[in-house]
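If you want the building blocks of each chain, they are given just below.
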Amino acid sequence: MAVKLSVHHVTEYTYDDSVEWAHHAACLAPQDTPWQDASGWQLNIDPLPDGWGVEGLELDASELVRHLRRDPWGNRHLSFGHARVHEKLVVDSRFVVELQDRPPPNALRGPDWESAARGLRYRAGRALQEADEFALASTYAAPDATLATYARRAFTPGRTVAAGGLTLMHQIHTDLRYLPQSTTVATRAADALAQRSGVCQDFAHVFIAACRSLGLAARYVSGYLLTRPPPGAPKLVGADASHAWAELWCPEQGWLALDPTNAVPAGLDHVTLAWGRDYADVAPLRGVLRGGGVATLRVSVTVEPA
């Protein structure tokens, strides 16, 4: 089965004082994957960044590509700046994706999690694996003893990686309350687990850090959810903003995409934007500026059938 979705993501900052200088980094270019084919990406920034062609003219696609750089995981990042005074910034991203069904995680297939963890340990002379660095600590998803204890409730002795991952996904969904504004973009996994609440970013970080605490590899995925589901289907939590979920490395099945916010494997309503060790690697938009005072942020996301 295949579906085609249109994605429209607008980020708007309104400042209560003039911004004299600013530099921003964006991670808004969609990934192509075995299950996702992205096309027609357009990005409009107002005011037009310094050195980006002529004000008032639509940016040519080739000009946009010239400003992109790839990180070690294949994500495309964009850097832009303003050396002129402005009171507002609008970043408008649009693209279309065609999604194919992903193979569902098979809880019976693959090694036990203890074997998988041993396979990720450093040994002199062993060739580097794609998953290795995702088993290491990162800023927002660092392993610790409390997270390891929490993970062992799902990863019981001898259980497969996939079975443990599916159980952990449901466990986090049950134990943590989805509560907007209960955390910030700087909240770490251990803190979100301790307070038992957060948003999709926190659910993903808890999942990732819990897996890493057992020596397993997991990565953070940023993306979007279908805004308006088909008639009769429930609307997923987090569908009106950027979304996040996790991918767990299973040697026999590859990366298993699991969404603990909604307790479902990622499917035809999950659009992948980028992946990294945690949110810090793939934040949709961040910046450093001089002036501006207090900023008011408005984010609008619409994902619908194309």
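Note: the structure precedes this text.
Throughout what follows, the structure given in this document is the object of discussion.

Quick notes on the rules
Sequence order as written defines residue numbering, which begins from 1 separately in each chain. This being a predicted model, a pLDDT of at least 70 is required before a residue's local features are given, and a value of 80 or more before pairs of side-chain atoms are given or counted; all residues contribute to the totals for chains, interfaces and linings. Each side-chain value is worked out from all heavy atoms of the structure, with water and hydrogens disregarded. Only buried residues count toward a nonpolar core. Its members are Ala, Val, Leu, Ile, Met, Phe, Trp, Tyr and Cys residues joined through side-chain atoms within 4.5 Å. Think of it in three bands: residues with accessible area under 20% of the maximum for their type are buried, residues over 50% are exposed, and the middle band is partly exposed, with areas taken using a 1.4 Å probe on protein chains only. A run of H or I in DSSP counts as a helix once it spans at least four residues, and a run of E counts as a strand once it spans at least two, with each numbered from the N terminus. Note on contacts: a residue pair qualifies if any of its non-hydrogen atoms lie within 4.5 Å across the two residues. By construction, the arc corresponds to the directions joining the helix axis to the C-beta atoms. Between N or O atoms, a polar contact is any pair within 3.5 Å; within protein, one atom must be a potential hydrogen donor and the other a potential acceptor, and residues adjacent in sequence are included only when both atoms are from side chains. Helix span is expected to be 1.5 Å times the residue number reduced by one. Each Phe, Tyr or Trp ring (for Trp, its six-membered ring) is paired with any other whose centre lies within 6.5 Å, and the angle between the two planes then decides the class: stacked below 30 degrees, edge-to-face above 60, tilted in between. Here, over-ring charges are defined by two tests on the NZ atom of lysine or the CZ atom of arginine: distance to the ring centre within 6 Å, and angle to the ring normal within 35 degrees.

1. Examining the nonpolar core
Step number 1: Ranked by internal contacts, the top residues of the largest apolar core, which has 45 residues, are F155, L168 and F207.
Step number 2: Per-element tally for this core: the top contributor is helix α6 (residues 200-213), with 9 residues.
Step number 3: Leave out the neighbours within four places in its chain, and F207 touches G165, L168, M169, I172, A246, L248, L258 and P260.
Step number 4: In terms of nonpolar packing, the next biggest core, distinct from the first, is built from 31 residues, L5, A22, A26 and L285 among them.

2. Points about helix α3 (residues 145-152)
Step number 1: All buried positions along α3 are accounted for by L147, A148, Y150 and A151. Down the axis of α3, the smallest arc covering the buried residues is 160°, so these residues share one side. Residues of α3 that are exposed and point over 90 degrees away from its buried face: A145, T146 and T149.
Step number 2: Lining the buried residues of α3 we find α4 (161-175), α5 (189-195) and α6.
Step number 3: Measuring from the side-chain oxygen of the N-cap residue of α3 to the backbone nitrogen of T146 gives 3.2 Å; that N-cap residue is D144.

3. Description of α4
Step number 1: Compared with an ideal rise of 1.5 Å per residue, which puts 15 residues at 21 Å, α4 spans 21 Å between its outermost C-alpha atoms and is within 8% of the ideal.
Step number 2: Taken residue by residue, α4 has V161, A162, A163, G164, G165, L166, L168, M169, Q171 and I172 as its buried positions.
Step number 3: Next to the buried residues of α4 lie α2 (113-120), α3, α6, β9 (243-250), β10 (254-259) and β11 (264-265).

4. Side note on the packing of aromatic side chains
Any pair of aromatic rings gets described here by the distance separating the centres and the angle formed by the planes.
Step number 1: Tallied over the entire structure, the rule returns 8 aromatic pairs.
Step number 2: Pairing F134 with W255 gives two aromatic rings, centres 5.6 Å apart and planes at 90°, and the pair type is edge-to-face. Here W255 lies in strand β10 and F134 lies in the loop between α2 and α3, a separation of 121 residues in the sequence. Like W255, F134 is buried.
Step number 3: Among the aromatic residues, those joined into a ring-pair cluster are W73, F134, W249 and W255.
Step number 4: Sitting above the plane of the W255 ring, R219 keeps its charged end 4.1 Å from the centroid.
Step number 5: Geometry around W275 places R219 over its ring, the cationic atom sitting 4.2 Å from the centre.

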